[in-house]
Protein chains: 2
Amino acid sequence: MEKYKKILRKNKLKITPKRVSIINYFLQNNKYFTPHQIWEFMKKKFKKIGLSTIYRNLEKFEKIGILTKVEGEENRFYYGICKKTNKKHHHHIICISCHKIRDFDLCNFEQLKKQIEKITEFNIKEHHIFLKGICLNCEREA
Amino acid sequence: MEKYKKILRKNKLKITPKRVSIINYFLQNNKYFTPHQIWEFMKKKFKKIGLSTIYRNLEKFEKIGILTKVEGEENRFYYGICKKTNKKHHHHIICISCHKIRDFDLCNFEQLKKQIEKITEFNIKEHHIFLKGICLNCEREA
DNA sequence: ATTCTAAATGAAAATCATTTTCATTTAAAA
DNA sequence: TTTTAAATGAAAATGATTTTCATTTAGAAT
Ligand SMILES: [Zn+2]
Ligand SMILES: [Zn+2]
Ligand SMILES: [Zn+2]
Ligand SMILES: [Zn+2]
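Residue indices follow the written sequence of each chain, beginning from 1 at its first position. Chains carry letters from A onward and ligands carry numbers from 1 onward, assigned in written order. At least 70 in pLDDT is required for a residue's local features to be given in this predicted model, at least 80 for side-chain atom pairs to be given and counted, and no such filter applies to totals for whole chains, interfaces and linings, which use all residues. Only heavy atoms go into the side-chain values, all of them from the structure, while hydrogens and water stay out.

What follows deals with the packing of aromatic side chains. Note on ring pairs: Phe, Tyr and Trp rings are taken, using the six-membered ring of Trp, and paired if centres are within 6.5 Å. Classes follow the plane angle, with under 30 degrees stacked, over 60 edge-to-face and the rest tilted. Tallying each qualifying case throughout the model produces eight aromatic pairs over all chains. Centroid distance Tyr25(A) to Phe41(A): 3.8 Å. Interplanar angle 15°. Geometry classified as stacked. Note that Tyr25(A) is positioned in helix H2 (residues 17-29) and Phe41(A) in helix H3 (residues 35-45), a separation of 16 residues in sequence. Relative accessibility under 20% of the residue-type maximum defines a buried residue, over 50% an exposed one, and the middle range a partly exposed one, all with a 1.4 Å probe and only protein chains included. Taking the relative accessible area as the measure of exposure, Tyr25(A) reaches 17% and is therefore buried. Geometrically, the ring pair formed by Tyr32(B) and Tyr78(B) is edge-to-face, given 5.1 Å between the ring centres and 90° between the ring planes. Highlighted residues: Tyr32(B) in the loop between helix H2 (17-29) and helix H3 (35-45) and Tyr78(B) in strand S2 (residues 77-81), separated in sequence by 46 residues. Each member of the pair, Tyr32(B) as well as Tyr78(B), carries the same accessibility label: buried. Among the aromatic residues, ring-to-ring pairing joins Tyr25(A), Phe26(A), Phe33(A) and Phe41(A) into one connected group. Two conditions define a charge sitting above a ring: the NZ of Lys or the CZ of Arg must be within 6 Å of the ring centre, and it must be within 35 degrees of the ring normal. The aromatic ring of Phe77(A) is capped on one face by Lys69(A), whose charged end is 4.8 Å from the ring centroid. Counting from the N terminus, the helices are DSSP H or I runs at least four residues long and the strands are E runs at least two residues long.

Right, here's the structure in full:
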């Protein structure tokens, strides 16, 4: 948590009990949630907590690299913890079964990129890779 | 267009003047548009045309593989023509500058997939690759 | 060509995730 | 302790998308 407090300070965000609680919840779960799900959790811990506070904080956390926003089913968005806080290039993979999320920085996209640039005649500037699968835990249970 | 009419028939969708017009517009532009942008175009051609008709048709066209839905800025969605109507695995690339969209089926993902599966211990079921770049035309103009 | 039927459509209202407003509270700097 | 900008709650606003329902229409049946 100290690591995350540092990131907040570095980005001039105040360290509030609610922010700490949100981050802890993500850290303890390694799963992705909707803002509404986070709100449901937070309502148990704080007697006053607005949904807009959740939205505002999730958005800021994504901006500073603590969270990642993934698009789920039905045009809804989810947030999950991103451990790659060093801003290094990386991608995410989620478990379809338990909603676990994790990031990985292995990305040998260069070769594929060159091939695609050749056939499409595009100069590729950004690549977004998003993976879905079954995590080891869920695989074992099945 | 005959090709697209066939696809409509195969999927038991009626061939209406509005549907033909929407598809033609995509075919002639090779760009991605919001439902609202399509509506603006259609209002010039039909004195009665509801936005919900646009939404309904774009959604259906995506389902049968004529269009692809891409997420743009600010949680808004765009649709672009997809020439790979054979349902073969493929991806899309868009031009940041002129909003051109094109699909390509070259996808050497297998090797990268194995590497990622090893380090993440996930069994990868789906991969989504989405590319942004500058098309040849725009590159030349720059 | 005419009739029939399910699908398509327009207009308006509903939905619902997300954002904004504004008055109040609070973290943390002075 | 005082000060100040940031954070927050509550409520309203926004805005994209969906739904409802009465009417129209494409295409099949006759
Ligand atoms: Zn799992
Ligand atoms: Zn990469
Ligand atoms: Zn271009
Ligand atoms: Zn692929």
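That covers the picture; the talk isn't over yet.
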